[in-house]
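Architecture and fold: a report
The primary structure of each chain is shown beneath.
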4 protein chains.
Amino acid sequence: MYNFRTDMAVERTDIYKKVNNIQKDINGIEAENELQKDIEISRVKITNEEGEKALAKPIGNYITLDVKNMKTADDEKIEEIAEAVANELRNVIGKHINDTEDILVVGLGNLEVTPDSLGPKVISHIEITRHILEYMPKLMPEDTRPVSAISPGVLGTTGIETMEILKGIVENIKPKLLIVIDALAARSIERISSSIQIADTGIVPGAGVDNKRKEISKKTLGIPVIALGIPMVVDLASITNDCINLFIESLQQKAMSNEYLNELKEKDNYEEIKEALIPRDYNMIVTPKEIDILIENMSKIVSKGINKAL
Amino acid sequence: MYNFRTDMAVERTDIYKKVNNIQKDINGIEAENELQKDIEISRVKITNEEGEKALAKPIGNYITLDVKNMKTADDEKIEEIAEAVANELRNVIGKHINDTEDILVVGLGNLEVTPDSLGPKVISHIEITRHILEYMPKLMPEDTRPVSAISPGVLGTTGIETMEILKGIVENIKPKLLIVIDALAARSIERISSSIQIADTGIVPGAGVDNKRKEISKKTLGIPVIALGIPMVVDLASITNDCINLFIESLQQKAMSNEYLNELKEKDNYEEIKEALIPRDYNMIVTPKEIDILIENMSKIVSKGINKAL
Amino acid sequence: MYNFRTDMAVERTDIYKKVNNIQKDINGIEAENELQKDIEISRVKITNEEGEKALAKPIGNYITLDVKNMKTADDEKIEEIAEAVANELRNVIGKHINDTEDILVVGLGNLEVTPDSLGPKVISHIEITRHILEYMPKLMPEDTRPVSAISPGVLGTTGIETMEILKGIVENIKPKLLIVIDALAARSIERISSSIQIADTGIVPGAGVDNKRKEISKKTLGIPVIALGIPMVVDLASITNDCINLFIESLQQKAMSNEYLNELKEKDNYEEIKEALIPRDYNMIVTPKEIDILIENMSKIVSKGINKAL
Amino acid sequence: MYNFRTDMAVERTDIYKKVNNIQKDINGIEAENELQKDIEISRVKITNEEGEKALAKPIGNYITLDVKNMKTADDEKIEEIAEAVANELRNVIGKHINDTEDILVVGLGNLEVTPDSLGPKVISHIEITRHILEYMPKLMPEDTRPVSAISPGVLGTTGIETMEILKGIVENIKPKLLIVIDALAARSIERISSSIQIADTGIVPGAGVDNKRKEISKKTLGIPVIALGIPMVVDLASITNDCINLFIESLQQKAMSNEYLNELKEKDNYEEIKEALIPRDYNMIVTPKEIDILIENMSKIVSKGINKAL
């Protein structure tokens, strides 16, 4: 299997095409793009096993919202993006359960590691209703959907696989659907805290940073799992690979091209780069300097988006 | 049942004696005190149903460590108190399980509400071993005890009863004993963040602030539950009651005593005071101004104490 | 001088009248109230030396906005109160400087002590313009007012009197007016984080908690100083004094009145209560349990109010 | 002038030698290394104008402490490094003032931007004495040095040049020496939060990230300024440049070398890389994912180091 080094279906589609020199559509994959104001929405649908194999992702829907300039987004812009997130979420949820069925929102990640704190930060702004419906039902309209929310922590601080924690909770409180928020690894630094991927196929926490944890999905938990992921980190070898390509392009434009450069650029040099970096303890996972404000804005968007959708 | 307005067995013993004018021991209750350096340790043991009824607490052991001047405790003092906590904990744990059996540490409370943040803060400093024993057992000595830790949040932010969350987790990961850390309500402002109660009878979260949640105990979870509680808040009516008593005492010393004062002091005026305060929305739950530093120091003590004991 | 134990002119006026048994107006003091929706606005003006002496506050304007239920204020309510704060501020500022003159906003207090963190939290949301006007003037409309902002810390963490720090800065950057935000001590627990006092006479930090620092005012800095203060703490003796009064009233209503009770209530028992509490180290400064959310909401109101006004 | 893209004298020395193909010492620069346990200490001394010109740094002393594995440093290791920092600081301070003269410690940076929060975090742990010596001198030994501390904020949040703020304070409280703590930009990702540079020549905040602010030095403030800087960020073009070199080296070892590769490696490709990255908004400033724990540990080391030295 090709090492995509990204959790994002839209990036995998591009890479798969490039690596396999495919111009037209991939069999088993339907893709379409839409521009809503300045939000670019890509919808990738994996429809059969061939598509599954190509992208190494399960059959299902993968929606990506790309937003520019998250760092300087004001209240109005945040409201607008949240609305777009809500629309896509509402759509995907409606494919699996009805309007009054019970949802549990799960914020993965570690509050004390800034680039990994998005999930817990979103959870603290979710409008929960389950306990009010249980203890003071008269305070709420009759058809209110029960919503609960939890931040289960990470294996490194709990000693317990997140899937195991969620399994126990799902068995006891029996929600009908899970929404799981997680920080992703992307391949491109451009996407950090400015893309949102919504997938109805669950999630494998840590998959993007070579630290795979147990899958959180319908297969392991018995109920549909919608994963809402936002890229927050990128590994240095990915960046360098991208940068070398940009660098070579720029050299070529200056008519300095030669066969070797073409060759370098053609192929993916990630493994060689990683190999060159590792002996010096160089292949760090990095995040932009502005990560605090990026996370602040993105957690507002995601929590508002979820609240609007539920 | 008498409204003790405190979760602390040591305070309840004193109140019960005062209210019932008892000078000698209460039947069904064994109490002893010890002074280790400047830490006062009280051990209350409820031995039968009569004792249960008197203190309205289940049969079991209740140990209180009282420390002065937590606000200005330095590293050395913190180390010393942590050692005392570790000794008591080790002792209590040893009564229920052996040295290599699995323990789950649970931090109750809400990280975003300062006086309620102790539990989650302690959790982030617990040295967990369970995942290492599972995935890289060779890194640890053979007889290492598996320790895991979780902050399940509070009903108000998750929509789920903490007991329900813990039930699911306990059923799935099967620890042999739970240590639950919680902020308590005390009756005396002196005890805020300067007393630690260790009980092997579980806990009813929120009991001290009239917001009772489902019991976390052997009865509900099937395994022994050691509760480590620290008073963090006190309600205004309790303070006022105490203050009025002090005030009257001071008037009496100035020879201003009269029958009415004696009468006032004799009885517990809490209900009248509460009644007088409530119409004006006055009966707030309060906490000292220095709560941040108090919690900082206490979370060091508790996490070090637990780490030493396990 | 009477020990008012409050920084709020509106409370002092009430106390002065009660203590001196005054029914009509106090000479040298003009007071009026206004109700804007559910915000109660009191305007106290001290007009001469007699008024100064009565309230032990300098000649000038003191405006108090009282808001109910700050703990549950939603975005709309916050916007509405901010608008009211902006109106009063604009008014007071307009009495001293014109629309394009330079303002420095100062947030007093200690970010690491929750009940004392309001000032620094407000500062981080002030829209500053001074550096843009200096380095990139073309980005701003011509008549933009230069606004700068600073959190100078507190004596206990800097070792320097705040006034000394501000003096140096004022001499170097020469603003025309200072807005100083500070947490106040109030006498009534009801006012905690639900009153805002705007005064154009400067401030003596720590005055309300018997920890007086050097005055920050026109007298010491040479430019007008508008103080925006919000009560955040109250001392236990004040609470107890209030509570005893309420308690006695309630006893009296139950026909338990007697001469001694009348006598107790008539006079201010603060000093006796304090005396009775101090030997036991009981006179703590306290704050409500919900202080985090109170400060969060209030810092939004104040920063929005200032931004709208400037 | 060569664009060194690093604030660290030790990196500049290496780069200067490489760029100019110098094997022996540079005129005007004395350099020596020492290994204390696993701390590598480099001392660079610029002795004349030629040295100044070579490194584009003023005449003075530049000491760098390099530590490995800061991410996993335990209490003992932190204590040990703090001791080494204290020794170097004591030494440098002793060259400028005597043991009882007044020092002001300044923490540059923005507490709300994680990679820029080191300065303010250190300040909150400095043991200050100035106010005690002023208000309660009897509490301290007679020869105690007055120490004060301040976090003046950054231009982007105050609207005021840090140098202007410090000028005012220095003129008013008249310390004899300044210690300024700042986050630096380094060229090598290896140094992030694991090197400490101590220089007695002051600092130009933001110099390493092309955002130069007014110099803080003896020239501008009239008293000696010791700068204690720790690299916290690195720009992507620097990383890529380093990575391309490592990548090419690795290709060469695999006998894939050719003339062009040699040429590529020989010269510094930073400008071309930056040029290639900028049109795509790619040249971000990045920081490692683990920045929170790195800063936590480093702020303990620096504050302990300063406290021991003073």
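Residues numbered from 1 in each chain as written. Chains lettered and ligands numbered in written order. Predicted model: local features only at pLDDT ≥ 70, side-chain atom pairs only at ≥ 80, totals over all residues. Heavy atoms only, no water.

On to the relation of the copies chain C and chain D. The two copies are related by a screw motion: chain C maps onto chain D through a turn of 180 degrees and a shift of 0.0 Å along the axis, at an RMSD of 0.0 Å. Taken together, the rotation and translation describe the operation of a two-fold axis. The C-alpha atom lying nearest the rotation axis in chain C is that of Gly168(C); the distance is 1.8 Å. Interface overlap between copies is the fraction of interface residues in one copy that are interface residues in the other; for chain C against chain D it reaches 100%, indicating a shared surface. (Least-squares fit on C-alpha atoms with pLDDT ≥ 70 in both. Contact = heavy atoms within 4.5 Å.)

Residue and element names in this part refer to chain C. Direction vectors running N to C along helix 3 (residues 75–94) and helix 12 (residues 291–309) enclose 45 degrees, while the axes themselves pass 7 Å from each other. Comparing the axis directions of helix 3 and helix 12 gives the class oblique. Between helix 3 and helix 12 the crossing geometry is right-handed. Between helix 3 and helix 12, the residues in contact are Ile-78, Glu-79, Ile-81, Ala-82, Glu-83, Val-85, Ala-86, Leu-89 and Arg-90 and Asn-297, Lys-300, Ile-301, Lys-304, Gly-305, Ile-306, Lys-308 and Ala-309, respectively. (Axes fitted to C-alpha atoms, helices over the stretch in contact; angles between N-to-C directions. Helix = DSSP H or I, 4+ residues; strand = E, 2+ residues; numbered from the N terminus. Parallel < 35°, antiparallel > 145°, perpendicular 65-115°, else oblique. Left-handed = near helix turned anticlockwise from the far one by under 90°.)

Across the interface, helix 7 (residues 162–173) of chain C lies against helix 7 (residues 162–173) of chain D with an axial gap of 7 Å and an inter-helix angle of 125 degrees. When the axis of helix 7 of chain C is compared with that of helix 7 of chain D, the two are oblique. The chirality of how helix 7 of chain C crosses helix 7 of chain D is right-handed. From helix 7 of chain C, Glu164(C), Ile165(C), Lys167(C), Gly168(C), Ile169(C), Glu171(C), Asn172(C) and Ile173(C) reach across to helix 7 of chain D, where they touch Glu164(D), Ile165(D), Lys167(D), Gly168(D), Ile169(D), Glu171(D), Asn172(D) and Ile173(D). Of the residues belonging to the contact of helix 7 of chain C with helix 7 of chain D, the class tally is six nonpolar, four polar and six charged. (Nonpolar A, V, L, I, M, F, W, Y, C, P; charged D, E, K, R; others polar.)

Okay, the interface of chain C and chain D next. In this assembly, 30 residues from chain C lie in contact with 30 residues from chain D. In this assembly, chain C packs against chain D so that about 2,300 Å² is buried in total across both faces, 53% of it on carbon and sulfur atoms. Broken down residue by residue, the surface that chain C buries against chain D is led by Tyr135(C), Ile160(C) and Asn172(C), which jointly contribute 20%. Counting across the interface, chain C meets chain D through two salt bridges. When the shortest N-O distance is used, the salt bridge between Arg130(C) and Glu164(D) registers 3.5 Å. Applying the counting rule to chain C against chain D returns eight residue pairs in polar contact (both at pLDDT 80 or more). Among the elements of the structure, helix 5 (130–135), strand 5 (147–150), helix 6 (155–158) and helix 7 of chain C are those that each provide at least two residues to the side of chain C that touches chain D. No other element matches the eight residues that helix 7 of chain C contributes to the side of chain C that touches chain D. (Buried area = accessible area lost by both parts, 1.4 Å probe. Salt bridge = Lys/Arg side-chain N within 4 Å of Asp/Glu carboxyl O. Polar contact = N/O pair within 3.5 Å; in protein donor to acceptor, adjacent residues only side chain to side chain.)

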